[in-house]
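So the chains spell out like this:
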Amino acid sequence: MFLLTLLLIGAVLFFLARKGKIGPPPWAAGGNRIGPLSPEFEARKLLATRFANGEIASDEFLERAAALNWTPGVDHHPQNGKKSKS
């Protein structure tokens, strides 16, 4: 009976993972961070990627970086809720 219960729990977790309802645990995401990245960091990353791919010009890149209150070349993304030492 115990084995059947474990199989049922395993099956439920498997199907939830396949449907995208649950994901890997936070520590399995890689790197030194725990938890999701901040929306600001994701926006900076997307902006830098678009500039690197040539989708936007340098003046537009700098204008949008200023709107994000970000100085390109300086990484201000906190690790584990702490500010980085720069």
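Residues numbered from 1 in each chain as written. Predicted model: local features only at pLDDT ≥ 70, side-chain atom pairs only at ≥ 80, totals over all residues. Heavy atoms only, no water.

Draft legend 1. The arrangement of a nonpolar patch on the surface in detail. A grouping of Leu8, Ile9, Val12, Leu13, Leu16 and Ile22 is seen on the molecular surface, where their side chains present a nonpolar patch of about 510 Å² in accessible area. Among the structural elements, Val12 can be located in helix α1 (residues 2-19). (Patch = residues over 30% accessible without salt bridge, like charges linked within 9 Å, V, L, I, M, F, W, Y side chains within 5 Å. Areas by Shrake-Rupley, 256 points an atom, 1.4 Å probe, with all protein chains shown as cover. Salt bridge = Lys/Arg side-chain N within 4 Å of Asp/Glu carboxyl O. Helix = DSSP H or I, 4+ residues; strand = E, 2+ residues; numbered from the N terminus.)

Draft legend 2. Here's a closer look at the packing of aromatic side chains. All chains considered together, the criterion is met by three aromatic pairs. On the numbers, 5.4 Å between centres and 70° between planes, the contact of Phe14 with Phe15 is edge-to-face. Here Phe14 falls in the partly exposed class, since its relative accessible area comes to 48%. For Phe15, a relative accessible area of 53% corresponds to the exposed category. Arranged with centres 5.9 Å apart and planes meeting at 85°, the rings of Phe61 and Trp70 form a pair that is edge-to-face. With relative accessibility at 8%, the residue Phe61 sits in the buried group. Residue Trp70 is classed as buried on the basis of its relative accessible area, which comes to 13%. Put simply, the rings of Phe51, Phe61 and Trp70 touch in pairs and so form one group of aromatic residues. (Phe/Tyr/Trp six-rings, centres within 6.5 Å; stacked < 30°, edge-to-face > 60°. Buried < 20%, exposed > 50% of the residue type's maximum accessible area, 1.4 Å probe, protein only.)

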